[in-house]
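Chain residues, written in single-letter form:
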Amino acid sequence: MSNEHHEHKLPFWQKYLFSTDHKTIGIQYGVTSLSFLLFGFFLMMLMRWQLAYPEQAIPFIGKFFGEDRAPGGVMVPTFYNELGAMHGTIMVFLGVVPMGVGCFGNLIVPLQLGAPDMAFPKLNMASYWVFLVGGLTMLVSFFLPGGAANSGWTAYPPLANFATIGQTVWILGMVFLITSSLLGAVNFLTTIIQLRAEGLTFMRLPFFVWGQLITSLLLLLAFPPLEAAGILQLMDRVAHTSFFLPSGLLVSGQPLEVSGGGSVLLWQHLFWFLGHPEVYVILLPAIGIVTEILANNIRKPLWGYKTMVYSVIFLGFMSFIVWAHHMYLTGMGTAISAFFQATTMIISIPSVIVLTCLAISLWGGSIRFNIPMLFTLAFIPMFAMGGLTGLPLGLAAPDVYLHDTYYVIGHFHYVVAPGVIFALFAGIYYWFPKFTGRKMNDLLGHLHFWPTLVLMNCIFFPMLLQGLAGVSRRLYDGGATYAHAQGVLHMNEFVSISAWILGLAQIPFILNLLWSMVKPKNVDSDNPWQSTTLEWQTPTPPGHGNFKELPVVYRGPYEYSVPGASEDFTPQNIKDIK
C-alpha cells in the first residue's frame, strides 16, 4: 500500500503544534518532559543547598524568592517543603513517565508494529495537550499566595486538606495529568492489539512493545483510583466534605467543624494502589529501551525472550497486590502485613529474571561499546542496586526503622535516577539518528556518561548510609539539630556538591542534543545500527504514514548472527535470509 497520497502540505500550526502525527507528538512529549526534568533538577539543587548549608543565604538567586520564602536569601522550612513536594511531583509525573511513555512510546511503538500511525491520532494529540495543561497548572502554583503544594508529593491528609491554595491547584494539575495518561493508555492498547503488521504475532513483538503494552494496562487500571481520590480531596478542601477527615480533629488546638467520619488512611490506600504500579509504569519502558539497545549491540539473539515476556506480564499483575508495603507503620496488623511482605518478595522475582536474562545475553556476545550501550550496561547494576536496597523496605520489621529515612530516598532514586534516567539517555542516543538523520557526537557522549555514572553514586549511596543511621528524610536543615544525624552530617555537603557537579555534567548532553540537530546529516543509511526491528526499515526520518509499503513480518525481533545469513542481522521483514 503506497502512502504517497498522504504527502500533502499542512499549515505550520497543524504540522508542528496541533499535529496528529505520532512522531511529532512524541517529539513534543520529549521536549516538554526534558524541560520539566531540568526544572525539577533545579528544585533539587536548591534543596541541596539548604541541606548542606542550613540557615545560610542562597548565593546569587536567593534574593529573588521573596521575603516570605527566603528572607535575606535564607530558605524557610515551608519553602523547603514546597520544593520537596514539587520536585517529586514534577520528576515523576511531568518528567520520567511522559518521557518513557509519551515520548518513546509515541515515537517507536507504531514504527515497531509496522503501523502508519496510532489508532486514534486525534486522541493522541489531546493526550499531549491535556498533559501540557496539567504541567503548566503545576508551575502556575508557584506564583500563588502561599506558594505551591507543600504537603509532600504524596499529599497525605489531613495536612494536605489545610495547606495553601497551591495544594488545590496541585490536585487540579494531577487530574489533568491522569486524564492524559488514560487517553494515552487506551490509544497504546488499541494500537498494539489492532495495528500490528501482517505476520507480527505477539511473540514476535519487540520487547519494547511488550513493555509499553503492560505499562498501558497499569495506567488504565491504576490511575482511576488516584483520580477519584484527588477529586474527593478537592471536595474536602473546597466543599467542606470529610472523606479523609476523621471526627474530633483538632487544628491549632481548636475542634474542626466538619461532619467527620472520614479516614486519613483511605487516601493512602488509594494513592499507593496507584503508587506501586506507577513504579513499573516508570520501569517497564526503561527496561524495554535497554533491551532493544542491548540486543542490537551484542550481535546475537536475546537470551530468554519468552521468559522475559512472561515475567513482565506476571510483574504487571503482581504490582496491584503489593501497595500496602508502603503502609506498615499504619498499624494494619501482623496478618495483613505478612500478606504484603509475601507479595513484595514474590514481585522481586520477575525483575530478577529480566535482569538475569539481560546479563546472560551478554555472555559470548560481540559487544559494541557505543554511547547507547554504555548507558545500557550502567543501567543493569544500578537498577539491581535499587531493587536490592528495596528488599529490607518490603519487610515490616526493618521498615519500622527505615521508613521515612534517607534510606528510602537512596533506594527509590537508585531505581529512577541512575536506573531509569540512564535508560532514557540511552534511548535518546540510540534513536536520535532515525528521526534526524544525524548521530550524536561520541566525545560529548563520553563527557556526559562517565561523570554522570560516578556522580549518581556519589549522591545516592551516602543517602543509604544516612538512612541506616536513622536520619529522617523530611528535615529541612539536613539533620543539623537532629541527634541521629550528627555522625553522618558531614555527608550532606559531599552529596550536595556532587549534585551540583552532576548538573554541570549534563551540559555536554544539552550541547550535543542542540548541536546535533543543526549540524549536517551524517547518517548514510536508514539502519545505521544494523538493527532487525521494523523502525529501522523506514525512511530516515520517517515520512507521513511511516512506511512506503506496509511491511510483512517473517521472524522474531532479534535475529542476529543467523547461520547461513549473508549479514549478521536479519530484519523482521526480510523473507529470504540468503
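Our subject is the structure that appears above.
Residues numbered from 1 in each chain as written. Predicted model: local features only at pLDDT ≥ 70, side-chain atom pairs only at ≥ 80, totals over all residues. Heavy atoms only, no water.

*Asks:* When you look at the overall build of the protein in this model, what are you seeing that I'm missing?
*Replies:* Of regular secondary structure, the protein possesses 15 helices and two strands. Relative to the compact-globule value of 25 Å for 578 residues, the protein shows a C-alpha radius of gyration of 24 Å, a close match. Along the first, second and third principal axes, the C-alpha set of the protein runs to 80 × 55 × 50 Å. Expressed as a percentage of its 578 residues, the buried residues of the protein come to 57%. Considering only contacts in the protein between residues 6 or more positions apart, those separated by 24 or more positions represent 78%. Per element, the accessible surface of the protein, about 23000 Å² overall, is 70% carbon and sulfur. Treating the 25 positive side-chain charges of the protein as one cloud and the 27 negative ones as another, the clouds have centres 9 Å apart. (Helix = DSSP H or I, 4+ residues; strand = E, 2+ residues; numbered from the N terminus. Rg over C-alpha atoms; globule rule 2.2 N^0.38 Å. Buried < 20%, exposed > 50% of the residue type's maximum accessible area, 1.4 Å probe, protein only. Contact = heavy atoms within 4.5 Å. Areas by Shrake-Rupley, 256 points an atom, 1.4 Å probe, with all protein chains shown as cover. Lys, Arg positive; Asp, Glu negative; His and termini not counted. Charge placed at Lys NZ, Arg CZ, Asp CG, Glu CD.)

*Asks:* Would you mind showing me how to read the nonpolar core here?
*Replies:* Nonpolar side chains in soluble globular proteins tend to end up buried together. Ranked by internal contacts, the top residues of the largest apolar core, which has 174 residues, are Met 86 and Trp 431. The element best represented in this core is helix α12 (residues 406-436), accounting for 21 residues. Residues within four places of Met 86 in sequence aside, it is in contact with Leu 43, Met 138, Ser 141, Phe 142, Ala 148, Ala 149 and Trp 170. (Core = buried A, V, L, I, M, F, W, Y, C linked by side-chain atoms within 4.5 Å.)

*Asks:* What exactly am I supposed to notice about the environment of Ile 193 here?
*Replies:* Here Ile 193 is to be found in helix α5 (residues 165-194). Separated by 88 residues in the primary sequence, Ile 193 and Gly 105 place their C-alpha atoms 15 Å from one another.

*Asks:* Would you mind going over helix α15 (residues 507-518) with me for this structure?
*Replies:* Along an α-helix, a turn takes 3.6 residues, which lines up residues three or four apart on a common side. With 12 residues, α15 ought to run about 16 Å at 1.5 Å a step, and its terminal C-alpha atoms sit 17 Å apart, in line with that. For α15, the set of buried residues is Pro 508, Phe 509, Asn 512, Leu 513 and Ser 516. Down the axis of α15, the smallest arc covering the buried residues is 135 degrees, so these residues share one side. The outward face of α15, more than 90 degrees from its buried face, is lined by the exposed residues Leu 514 and Val 518. The inward-facing, buried residues of α15 abut α2 (22-52), α12, α13 (442-468) and α14 (491-505). (Expected span 1.5 Å × (residues − 1). Arc of directions from axis to C-beta.)

*Asks:* Looking at this structure, how should I read the packing of aromatic side chains?
*Replies:* A ring pair, where both rings are aromatic, is described by two values, the distance of the centres and the angle of the planes. Considering all chains together, one arrives at 40 aromatic pairs under this definition. Centre to centre, the rings of Phe 425 and Phe 509 are 4.8 Å apart; their planes meet at 65 degrees, and the pair counts as edge-to-face. Placement of the pair is Phe 425 in helix α12 and Phe 509 in helix α15, with a sequence separation of 84 residues. Here Phe 425 matches Phe 509 in class, with each residue buried. Seen in terms of ring centroids, Tyr 430 and Trp 431 are 5.1 Å apart; in terms of plane orientation they differ by 70 degrees. Their pairing is edge-to-face. Under the relative-accessibility criterion, Tyr 430 is labelled buried at 1%. Taking the relative accessible area as the measure of exposure, Trp 431 reaches 2% and is therefore buried. Here the aromatic residues Phe 93, Trp 153, Phe 223, Phe 244, Trp 267, Phe 271 and Trp 272 are joined through ring pairs into a cluster of three or more. Over the ring of Trp 529 we find Lys 439; its NZ or CZ atom is 4.2 Å from the centre of that ring. (Phe/Tyr/Trp six-rings, centres within 6.5 Å; stacked < 30°, edge-to-face > 60°. Lys NZ or Arg CZ within 6 Å of the ring centre and 35° of its normal.)

*Asks:* Would you mind showing me how to read the pattern of salt bridges here?
*Replies:* Two side chains bearing opposite charge may form a pair once their charged atoms approach each other closely. Counted by the stated rule, this structure contains five salt bridges. Across the salt bridge formed by Arg 69 and Glu 82, the nearest N and O atoms sit 2.7 Å from each other. You can see Arg 69 sitting in the loop between α2 and α3 (77-113) and its partner Glu 82 sitting in helix α3, a full 13 residues away along the chain. With relative accessibility at 16%, the residue Arg 69 sits in the buried group. Here Asp 404 ties to Arg 474 by a salt bridge, and the two come within 3.6 Å at their closest N and O atoms. One end of the pair, Asp 404, is in the loop between α11 (396-402) and α12; the other, Arg 474, is in the loop between α13 and α14, and 70 residues separate them in sequence. (Salt bridge = Lys/Arg side-chain N within 4 Å of Asp/Glu carboxyl O.)

From the geometry alone we can't say anything about function, so treat these as descriptive.
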